[in-house]
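# Remarks on the overall topology
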Amino acid sequence: MDWKVSTLAERPEMLERVVGRADSWPEFVTEDPVGWAHFPRIANELPQYVLFAEDERGEVVANAYSVPFALAAEGRGDLPERGWDAVLLWAFSDLRRGVRPDTVSAISVSVAPHRQGLGLSAVMLTALRDNARALGFREVVAPVRPSAKHLEPRTPMAEYARRVRPDGLPQDPWLRVHARAGATVHSVAPASMTVSGSLEQWRRWTGLPFDTAGDIQVPGALVPVRCEPERGYAVYVEPNVWMRHSL
């Protein structure tokens, strides 16, 4: 199937349709405070780094968000252990201060639930790479959220990320899409995203009782959520996998 891929800079009239498109993220993931504060800014302040795909009827069926940042800036140099959160903070700090970026980070590739399984994630990842190259960059990095890791939340991410199939490609489907596009695994970002909240908030987000101390397995979570009933809160610290794409 042919998909029409554009950037928001090219089609600014599509802003509301792109940002309002339904996705399949677990609700608690959207409660990361760094993402909550900065993710919505990307479409408005960096529209040339937001891509979307339309089907033959003009329906927006996928999008890909990315941000530019200066990896070589003083005090950086290597991809951050705080992954997704850190790169969002770096990108908007650089934008505010007028620092020239040297790298693009993928932030999100999302496909409409009814269009999954058609290869659209690979199409959007390729478009994101091509867009970064056209903007003059030589590398794309990605704090990847492995798509099947939630099925075994107690497996250490470093062990999970190293698993490969007999053909040498990663066992995880989303890591494999990146590898097929030319990426290599760089490192694990152990604290890529952090979500904390009261027990009542976690009950609302997940539908679980959150009344037992210790590690709670939550649908969609890559690792267990730490529950502290006596203190009245629970915390989720998500690891991601840094992958690097040379362009």
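The text that follows walks through the structure, step by step, so that each part is easy to find.

The rules we used
- Residues numbered from 1 in each chain as written.
- Predicted model: local features only at pLDDT ≥ 70, side-chain atom pairs only at ≥ 80, totals over all residues.
- Heavy atoms only, no water.
- Salt bridge = Lys/Arg side-chain N within 4 Å of Asp/Glu carboxyl O.
- Helix = DSSP H or I, 4+ residues; strand = E, 2+ residues; numbered from the N terminus.
- Buried < 20%, exposed > 50% of the residue type's maximum accessible area, 1.4 Å probe, protein only.
- Axes fitted to C-alpha atoms, helices over the stretch in contact; angles between N-to-C directions.
- Parallel < 35°, antiparallel > 145°, perpendicular 65-115°, else oblique.
- Left-handed = near helix turned anticlockwise from the far one by under 90°.
- Contact = heavy atoms within 4.5 Å.
- Nonpolar A, V, L, I, M, F, W, Y, C, P; charged D, E, K, R; others polar.
- Phe/Tyr/Trp six-rings, centres within 6.5 Å; stacked < 30°, edge-to-face > 60°.
- Expected span 1.5 Å × (residues − 1).

## Focus on the pattern of salt bridges
Evaluated as defined, the whole model comprises 19 salt bridges. Note that Glu54 and Arg11 form a salt bridge whose closest N and O atoms lie 2.8 Å from each other. You can see Glu54 sitting in strand S2 (residues 50-54) and its partner Arg11 sitting in the loop between strand S1 (4-7) and helix H1 (15-19), a full 43 residues away along the chain. Residue Glu54 is classed as buried on the basis of its relative accessible area, which comes to 7%. Notably, a salt bridge pairs Arg203 with Glu200, separated by 3.7 Å at the nearest N-O pair. Here Arg203 pairs with Glu200, and both are found in helix H7 (residues 199-206), just three residues apart, close to one helical turn.

## Describing the packing of helix H4 (residues 120-134) against helix H6 (residues 173-180)
Remark: H4 packs on H6, axes separated minimally by 10 Å, with the N-to-C direction vectors making an angle of 45°. Classified by the interaxial angle, the pair formed by H4 and H6 is oblique. In terms of crossing hand, the pair formed by H4 and H6 is right-handed. Contacts between H4 and H6 involve Ser121, Ala122 and Leu125 from the first element and Trp174, Val177 and His178 from the second. Tallied by class, residues from the contact of H4 with H6 come to four nonpolar, two polar and no charged.

## What to know about the environment of Leu15
By secondary structure assignment, the location of Leu15 is in helix H1. Taking the C-alpha atoms as reference points, Leu15 and Ala43, 28 residues apart in sequence, are found 7.3 Å from one another. In contact with Leu15, not counting residues within four places along its chain, are Leu8, Ala43 and Asn44.

## Here's the deal with the packing of helix H2 (residues 33-45) against helix H3 (residues 83-97)
In the contact formed by H2 and H3, the axes pass within 10 Å of each other and the chain directions differ by 50°. Taken together, the axis directions place H2 and H3 in an arrangement best described as oblique. Relative to H3, the crossing made by H2 is left-handed. In contact with Val34, Gly35, His38, Phe39, Arg41, Ile42 and Glu45 of H2, H3 contributes Trp84, Asp85, Leu88, Leu89, Phe92 and Leu95. Tallied by class, the residues present in the contact of H2 with H3 amount to eight nonpolar, two polar and three charged.

## Details of the packing of aromatic side chains
Per the counting criterion, the structure on display carries seven aromatic pairs. Between Phe28 and Trp202, the ring centres sit 5.7 Å apart and the planes meet at 40°, which makes this aromatic pair tilted. Here the residue Phe28 occupies a position in the loop between H1 and H2, and Trp202 occupies one in helix H7, the gap between them amounting to 174 residues. Overall, the relative accessible area of 1% leaves Phe28 in the buried class. You can call Trp202 buried: its relative accessible area is 0%. For the pair Phe69 and Trp90, a centre-to-centre distance of 5.9 Å together with 40° between the ring planes defines the contact as tilted.

## Remarks on the side chain of Arg115
Summarising the element assignment, Arg115 is placed in the loop between strand S4 (103-111) and H4. Apart from residues lying up to four places away in sequence, Arg115 is in contact with Met1, Trp3, Asp55, Glu56, Arg57, Val61 and Leu120.

## Considerations on the environment of Asp2
For Asp2, the location among the structural elements is in the segment before S1. For Asp2, a relative accessible area of 71% gives the class exposed. Spatially, the C-alpha atom of Asp2 lies 16 Å from that of His114, the residues being 112 residues apart in sequence.

## Examining H4
Taking 1.5 Å per residue as the helical rise, H4 with its 15 residues ought to reach 21 Å, and the 21 Å between its terminal C-alpha atoms agrees with that figure. Taken together, the buried positions of H4 are Leu120, Met124, Leu125, Ala127, Leu128, Arg129, Asn131 and Ala132. Downstream of H4 by a residue or two, Gly136 has a phi angle that is positive, lying close to 100°.

## Details of H3
Its 15 residues give H3 an end-to-end C-alpha distance of 21 Å, which sits within 8% of 21 Å, the value for a rise of 1.5 Å per residue. Judged by how many residues are buried, H3 sits mostly within the fold: eleven of 15 residues are covered. Regarding H3, the residues found buried are Gly83, Trp84, Asp85, Ala86, Val87, Leu88, Trp90, Ala91, Phe92, Ser93 and Asp94. Looking at the buried residues of H3, the elements they touch are H2, strand S3 (60-69), S4, strand S5 (139-144), strand S6 (184-198) and strand S9 (233-246). In the stretch just after H3, Gly98 is the one whose phi turns positive, near 75°.

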